[in-house]
Number of protein chains: 2
Amino acid sequence: MPYRETEKMRQRKAKARQRIIDCTYACVAEGGFRSARITRIAALSEVATGTIYRHFESREDLFAEVFRRATQREVDKVAEALATEGDATVRLEHALRQFAERAIRGPVMAWSLIAEPVDPKVEEERLTYRKAYANLFESAIREGIRDDCIPDQDASQSSTCLVGAIAESLVGPLSPAQADGNVRITPEDKNALVDSIIRFCMQGLTGTRK
Amino acid sequence: MPYRETEKMRQRKAKARQRIIDCTYACVAEGGFRSARITRIAALSEVATGTIYRHFESREDLFAEVFRRATQREVDKVAEALATEGDATVRLEHALRQFAERAIRGPVMAWSLIAEPVDPKVEEERLTYRKAYANLFESAIREGIRDDCIPDQDASQSSTCLVGAIAESLVGPLSPAQADGNVRITPEDKNALVDSIIRFCMQGLTGTRK
């Protein structure tokens, strides 16, 4: 029964591929892309290093895949937050706050996704995903303009300002995480940090003092 | 006279190095880092490709050097703009506007400096220089807070919001430049684009509708 044999093999391959991705993800969450060496991933995944290259053309392709999966998760969270109740300003603030808080809770992964120098393939993905965040914000800004809770403006431009402001302002606070796996700030500092980012973003959008 | 011989050689080497940098700069300004192939740079600089590797360990090191020089020029322009007359809000607006307008006037180079996926060495430089911009903005924001023209806030955080907002909001408008060497927007659109970025940034800082 050659067909069933092939199906079995396909499933086993898919499982191995998933395990490689999961183990790489765990490495990145712990020590960034730089810590995710192929020998380490192979050991964690319990496969030979050669097996990794049967599933991914290169380390860079594996990283790009892990980047996409991890970032898509964050994009989905932003989409969820923007789909809740309330007017557009409330939902945008909620989404931005959640993004920042999630980043601070998982600082090593967040820093790796936002700012770690990796390689051009991951950089290409960064550009794509920043556009995905911006598109979500843009729709919410348009709704806010339509419903008169956000002043008329170029929603597309403002959405990229939001993406840039929130990402860049997290780089510094998250980057020490690379050194020791912990953000060296107190819970109060974290709240103040998130508040100050959100204030800038919402003031930028609405022109109203928060 | 071995000393004078050595001095002459040193000068000739320095000149060749400078020519390699200048030619790489010209390539990047015309078609981004991706167009700056070593064979092309060698031909333009009128040196053998091997000579390039006597001056720079790798293509990446050469790129990092060109990135530093080009970006330092922009950082200096921002510093100059922030050192002019007027209160901090006026100077910050002036600096942001000038940054955006210079980027739009040299869109290929600007896109390469801000967003082109290059390699980790250039990415490391990007992080460093973004901090340099932020430090300049931070000082101006502090002056504004001290002089009561900017509301009290975390100047360090807000400075990174400014850097992120202006850089990210230029990525989209500049990126088509990679394709054909021109930003496909009219002069009116350019003004509207710059105005909308500046509005977001200044509102973010001041909480006052512009």
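The following refers to the structure shown. Note that the structure is a prediction, hence the values are computed from the model and not measured. (Residues numbered from 1 in each chain as written. Chains lettered and ligands numbered in written order. Predicted model: local features only at pLDDT ≥ 70, side-chain atom pairs only at ≥ 80, totals over all residues. Heavy atoms only, no water.)

1. Notes on the relation of the copies chain B and chain A
The condition that has to hold: In superposing the copies, a least-squares fit is computed on C-alpha atoms, taking residues whose pLDDT is at least 70 in both. Every residue pair with non-hydrogen atoms within 4.5 Å of one another is taken to be in contact.
Here chain B sits on chain A after a turn of 180 degrees about the axis and a move of 0.0 Å along it, with an RMSD of 0.0 Å. Here the transformation between the copies is reduced to the relation of a two-fold axis. An overlap of 100% is found between the interface residues of chain B and their copies at the interface of chain A, pointing to a shared contact surface.

2. Considerations on empty space enclosed by the protein
Regions of empty space are outlined by a rolling probe, equal in size to a water molecule, passed over the atoms. Under the convention used in this document: A 1.4 Å probe that fits into a set of points on a 1 Å grid over the protein atoms alone but cannot get out defines a cavity; an open set with protein on both sides within 12 Å along at least five of seven lines defines a pocket, and lining residues are those with an atom within 4 Å of a point. Grid points are joined across faces, edges and corners, and a volume is the space filled by probe spheres set on the points. Secondary structure is summarised from DSSP: a helix means a run of H or I of at least four residues, a strand means a run of E of at least two, and numbering begins at the N terminus for each. Residues are grouped as follows: nonpolar covers Ala, Val, Leu, Ile, Met, Phe, Trp, Tyr, Cys and Pro; charged covers Asp, Glu, Lys and Arg; every other residue, Gly included, is treated as polar.
Following the criterion strictly, the structure yields three cavities of 30 Å³ or more and no others. The calculated volume of the largest cavity comes to roughly 290 Å³. Ile114(A), Glu123(A), Arg130(A), Glu123(B) and Arg130(B) are, among the 17 residues lining the largest cavity, the residues nearest its centre. Only α7 (120-146) and α8 (155-174) of chain A together with α7 (120-146) and α8 (155-174) of chain B provide two or more residues apiece to the lining of the largest cavity. Each residue belonging to the lining of the largest cavity can be placed in one class, and the counts come to nine nonpolar, no polar and eight charged.

3. Some words on the packing of α7(A) against α8(A)
Residues and elements named next belong to chain A. We apply this condition: The axes used here are C-alpha line fits, helices contributing only the stretch in contact, and every angle between their N-to-C directions lies in the interval 0 to 180 degrees. By the definition adopted for this analysis, an angle is roughly parallel if under 35 degrees, roughly antiparallel if over 145, roughly perpendicular if from 65 to 115, and oblique otherwise. Left-handed describes a crossing whose near helix is turned anticlockwise from the far helix by less than a right angle; the clockwise case is right-handed.
At their nearest, the axes of α7 and α8 sit 8 Å apart, and the two run at 125 degrees to each other. Relative to α8, the element α7 is oriented oblique. Remark: the crossing between α7 and α8 carries right-handed chirality. Between α7 and α8, the contacting residues are Arg130, Tyr133, Ala134, Phe137, Glu138, Ile141, Arg142 and Ile145 on the first element and Ala155, Ser156, Ser158, Ser159, Thr160, Leu162, Val163 and Ala167 on the second. When the residues that make up the contact of α7 with α8 are grouped by side-chain class, the tally is nine nonpolar, four polar and three charged.

By themselves these figures say nothing about function.
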